[in-house]
Amino acid sequence: MEQRSPWWWVPTLYFGQAIPYVVVMTLSVVMYKNLGVSNTDIALYTGWLYLPWVIKPLWSPVVELLRTRRLWIVAMQLLLGASLALVALTTSLPQFFQISLALLWLMAFSSATHDIAADGFYMLGLPQHQQAAFVGVRSTFYRLAMIAGQGGLVYLAGKLSESLDSVRLAWSIVFFVLAVLFVLLFAYHQLVLPRPAADRPPAAGGALLRDFLATFKSFFRKPGIGVILGFLLLFRLGEAQLLKLAVPFLLDPADKGGLGLTTAQVGLVYGTIGVAALTVGGLLGGVAVARYGLKRCLWGMVLAVHLPDLVFVYLASALPHNVYLIGASIALEQLGYGYGFAAYLMYMILVAEGEHKTAHYAICTGFMALGMMVPGMASGWIQQQLGYQHFFIWVCVATVPAFVMAALVKIDPEFGRKQAPAALQ
């Protein structure tokens, strides 16, 4: 393997890993809202786009059995670039909603496959001590990509819409910018990614596949598996619905119960200030777990995730016009969410402990995505029935199962104190 510093490729690899997720989960919501798609359709159809991340553990053996992780990474980046370019070319077509959804599906599967390959390559391309050293780098550049996507690109779309007087042309330009970015990432990583000797398909593919299937059996035989699955699926029941409707609420005019922000203001308030607060909260959560352990921090973190949802009840009731007040409110909610979510990440690490750690963690992330997908799909219809104010009250009610499951989980009092870096992944 070439002796190239990880600084050459770890930051760009994880920046590139985050961008497609942001495009599929957030940019698509803003774009469809700008183009007049109903909240019901936005939540339902973009909710389905979570599915590839739910089921990605099922095809992870294919990435291990066929060719190298390096090849999968660069191939997926090229495919993502092509998908983004196709979205840009179709914004003016009559059937844009249907065509763009099909392309976003392709992007979602490509992104989930890229995640599998990138995480595997990270473990193969770095010795163990460097894997630990670069965990924070991974997290930082992943968050920076979220700010660039949810903040910078949404702001750009808003400003272009105003100057060009065409929402469709503005989003076409944004997707062309993203397409160029991924073509450049493809070319760059083709040159700089190392070629680890261990990055090759195993000779005994059948045995590997049998071992992989055995990991599923061992996962579902864990003691207390019912409580484990309940916690993974229900911890974010309220938040899953809120996240899907937060952007439409910010964009909708006051006569529809929204705050009436411009697209550019949403990029600044939600995509930049909000994600920055989310990042700070995540760092503080990791520090807290490292110092006190997960068990001692759990209830404080559960409260931190869910109580700030009341911020949206206030915003939907008062409908303030002051963008600074709105930004501060969003920052408070995201700070609490980031802080408390560290407990969820650490709990998944706890569940994955033991043999087949990597595969069991992947299964946990699949259930995490499922817990976001199903409530998110229904959230648009619920909001249309209730209106924003009563919808956000419902979201607060939907957090109750998280408190019930937190009371049932069993956690070693010492767990987490020496594993804080993993919580910040």
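Residues numbered from 1 in each chain as written. Predicted model: local features only at pLDDT ≥ 70, side-chain atom pairs only at ≥ 80, totals over all residues. Heavy atoms only, no water.

(A) Here's a closer look at a nonpolar patch on the surface. Taken together, the side chains of Leu156, Leu164, Leu169, Ile173 and Val177 make up a nonpolar region of the molecular surface, amounting to roughly 350 Å² of accessible area. Every element with two or more residues in the nonpolar patch is listed here: α7 (135-164) and α8 (167-192). For the nonpolar patch, the element with the highest residue contribution is α8, accounting for three residues. (Patch = residues over 30% accessible without salt bridge, like charges linked within 9 Å, V, L, I, M, F, W, Y side chains within 5 Å. Areas by Shrake-Rupley, 256 points an atom, 1.4 Å probe, with all protein chains shown as cover. Salt bridge = Lys/Arg side-chain N within 4 Å of Asp/Glu carboxyl O. Helix = DSSP H or I, 4+ residues; strand = E, 2+ residues; numbered from the N terminus.)

(B) Focus on the nonpolar core. Ranked by internal contacts, the top residues of the largest apolar core, which has 132 residues, are Val23, Leu27, Tyr32, Phe249, Leu250, Tyr347 and Phe392. Setting aside anything within four residues of it in sequence, one finds Leu27 in contact with Val22, Gly149, Gln150, Leu153, Val154, Trp171, Val174 and Leu178. (Core = buried A, V, L, I, M, F, W, Y, C linked by side-chain atoms within 4.5 Å. Buried < 20%, exposed > 50% of the residue type's maximum accessible area, 1.4 Å probe, protein only. Contact = heavy atoms within 4.5 Å.)

(C) The packing of aromatic side chains, seen in detail. Scanning the entire structure with this criterion turns up 24 aromatic pairs. Aromatic side chains Trp171 and Phe175 sit 6.4 Å apart centroid to centroid with 50° between the ring planes, which places their arrangement in the tilted category. Here Trp171 and its partner Phe175 are both found in helix α8, four residues apart, which amounts to about one turn of the helix. With respect to class, Trp171 is no different from Phe175; both count as buried. Ring geometry for Phe235 and Tyr344: centres 5.3 Å apart, planes at 35°, overall tilted. With Phe235 in the loop between α10 (225-234) and α11 (237-251) and Tyr344 in helix α15 (residues 323-352), this residue pair connects regions lying 109 residues apart in the sequence. By relative accessible area, Tyr344 is classed as buried at 0%. One aromatic cluster is present, built from ring pairs that chain together Phe231, Phe235, Tyr337, Phe341, Tyr344 and Tyr347. Positioned above the aromatic ring of Tyr344 is the side chain of Arg236, whose terminal nitrogen or guanidinium carbon lies 5.9 Å from the ring centre. (Phe/Tyr/Trp six-rings, centres within 6.5 Å; stacked < 30°, edge-to-face > 60°. Lys NZ or Arg CZ within 6 Å of the ring centre and 35° of its normal.)

(D) Main features of the confidence of the model for the protein chain. Here the protein chain averages 85 in pLDDT, and 91% of its residues register 70 or above. Here helix α18 (residues 420-423) stands out as the least confident element of the protein chain, with mean pLDDT 42; helix α14 (residues 310-318) is the most confident, with 95. (pLDDT = per-residue confidence, 0-100.)

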